[in-house]
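The chain contents come next:
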Amino acid sequence: QFNANFSYELPFGRGRHWGSGASGFADHLIGGWQWSGILTAQSGFPFTPQVGSNISGTGDSGLVDAPSRNPAFSGPVIPGNVNQWYNPQAFVLPIAGTFGNVARGAFIGPGLTTLDTSLFKKFSINERWSLQFRAEAFNILNHANFAGVNPTVFSGANISPSAGIITSTATTSRQLQFA
């Protein structure tokens, strides 16, 4: 996971690079603005494809069994799109009474990237009172961050039609607010 934040006072208004000769209302309007933001980028979380039942026969319903890798499969196991994050053809059911050979957490789900930013200005009314205007944007790049993958590969002895599908997002779309 990578996180970075920044805060920058914009160079506008009296005594600044641009508009240094501004005074009165013009200086109050263009001076004193600040820009800040937060960038978050992280890889996806590990996940384990699942058989969908207790094929090993241990009776443990809390920990679903993992499948085995298909030795006849070639190609990418993780195509990485929302309609098929992993290819279910890459797996086969283990023999009843045995465990599959796919390791726990062997695959990585979708990552997450988001940039939140704000622009704000403080207006001094008098020595005691001030007012702040804020414009904030969350996920300003409107990047789609997908939620977890359906890990269940099999429905009974057949491949599940929803295997590897992502049905929701982990974050909201772009959000704007003013305060």
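Located above this text is the structure these notes cover.
The present account deals with the structure reproduced in this document. (Residues numbered from 1 in each chain as written. Predicted model: local features only at pLDDT ≥ 70, side-chain atom pairs only at ≥ 80, totals over all residues. Heavy atoms only, no water.)

1. Quick look at the environment of Val 51
- As for its placement among the helices and strands, Val 51 is situated in the loop between strand E3 (46-47) and strand E4 (68-69).
- On the basis of relative accessible area, Val 51 is assigned to the buried category, the value being 1%.
- If near-sequence neighbours (up to four positions away) are discounted, Val 51 is found in contact with Val 64, Asp 65, Ala 66, Pro 67, Leu 93, Pro 94, Thr 152 and Phe 154. (Helix = DSSP H or I, 4+ residues; strand = E, 2+ residues; numbered from the N terminus. Buried < 20%, exposed > 50% of the residue type's maximum accessible area, 1.4 Å probe, protein only. Contact = heavy atoms within 4.5 Å.)

2. A short note on the sheet that holds strand E8 (residues 130-138)
- Pairing in this open sheet of 5 strands is antiparallel, and the strands run E1-E2-E7-E8-E11 from one edge to the other. Edge positions in the open sheet fall to strand E1 (2-9) and strand E11 (175-178), since each of these has one partner strand only. Put simply, the sheet's adjacent strands are angled 10° from each other on average, direction ignored.
- In terms of strand pairing, strand E7 (residues 112-124) meets E8 through 8 bridges, oriented antiparallel. In the strand pairing of E8, Lys 122 is matched with Gln 132. (Pairing = 2+ DSSP bridges. Axes fitted to C-alpha atoms, helices over the stretch in contact; angles between N-to-C directions.)

3. Details of the packing of aromatic side chains
- The full count for this structure, using the stated rule, is 7 aromatic pairs.
- Between Trp 33 and Phe 133, the ring centres sit 6.1 Å apart and the planes meet at 80°, which makes this aromatic pair edge-to-face. Placement of the pair is Trp 33 in strand E2 (residues 33-42) and Phe 133 in strand E8, with a sequence separation of 100 residues.
- For the pair Tyr 86 and Phe 91, a centre-to-centre distance of 5.9 Å together with 75° between the ring planes defines the contact as edge-to-face. Comparing Tyr 86 with Phe 91 shows no difference in burial state: the two are buried.
- Feature note: the residues Phe 47, Tyr 86, Phe 91 and Phe 107 constitute an aromatic cluster, connected by ring pairs.
- Note that Lys 121 overlies the ring of Phe 123, its terminal NZ or CZ placed 4.8 Å from the centroid. (Phe/Tyr/Trp six-rings, centres within 6.5 Å; stacked < 30°, edge-to-face > 60°. Lys NZ or Arg CZ within 6 Å of the ring centre and 35° of its normal.)

4. Some remarks on the nonpolar core
- Within the largest apolar cluster, 14 residues are counted, with the highest numbers of intra-cluster contacts made by Phe 47, Tyr 86, Phe 91, Phe 107 and Val 149.
- The contacts of Phe 91, once residues within four sequence positions are left out, are Pro 49, Pro 67, Ser 68, Asn 70, Val 77, Tyr 86, Val 102, Phe 107, Val 153 and Phe 154. (Core = buried A, V, L, I, M, F, W, Y, C linked by side-chain atoms within 4.5 Å.)

5. What about the side chain of Thr 114?
- Among the secondary structure elements, Thr 114 is positioned in strand E7.
- A relative accessible area of 14% means that Thr 114 is categorised as buried.
- Leaving out residues up to four positions away in the same chain, Thr 114 has contacts with Ile 38, Leu 39, Thr 40, Asn 139 and Asn 145.

6. So, unusual backbone geometry
- In the Ramachandran plot, Asn 139 falls in the positive-phi region, its phi being about 55° despite a non-glycine side chain.
- Relative to the helices and strands, Asn 139 is located in the loop between E8 and strand E9 (154-155).
- A relative accessible area of 4% places Asn 139 in the buried class.

7. Let's talk about the pairing of E7
- Examined bridge by bridge, E2 and E7 share 10 bridges and lie antiparallel to one another. Residue pairing across strands places Gln 34 opposite Phe 120, the latter belonging to E7.
- Connecting the antiparallel pair E7 and E8 is a turn made up of 5 residues.

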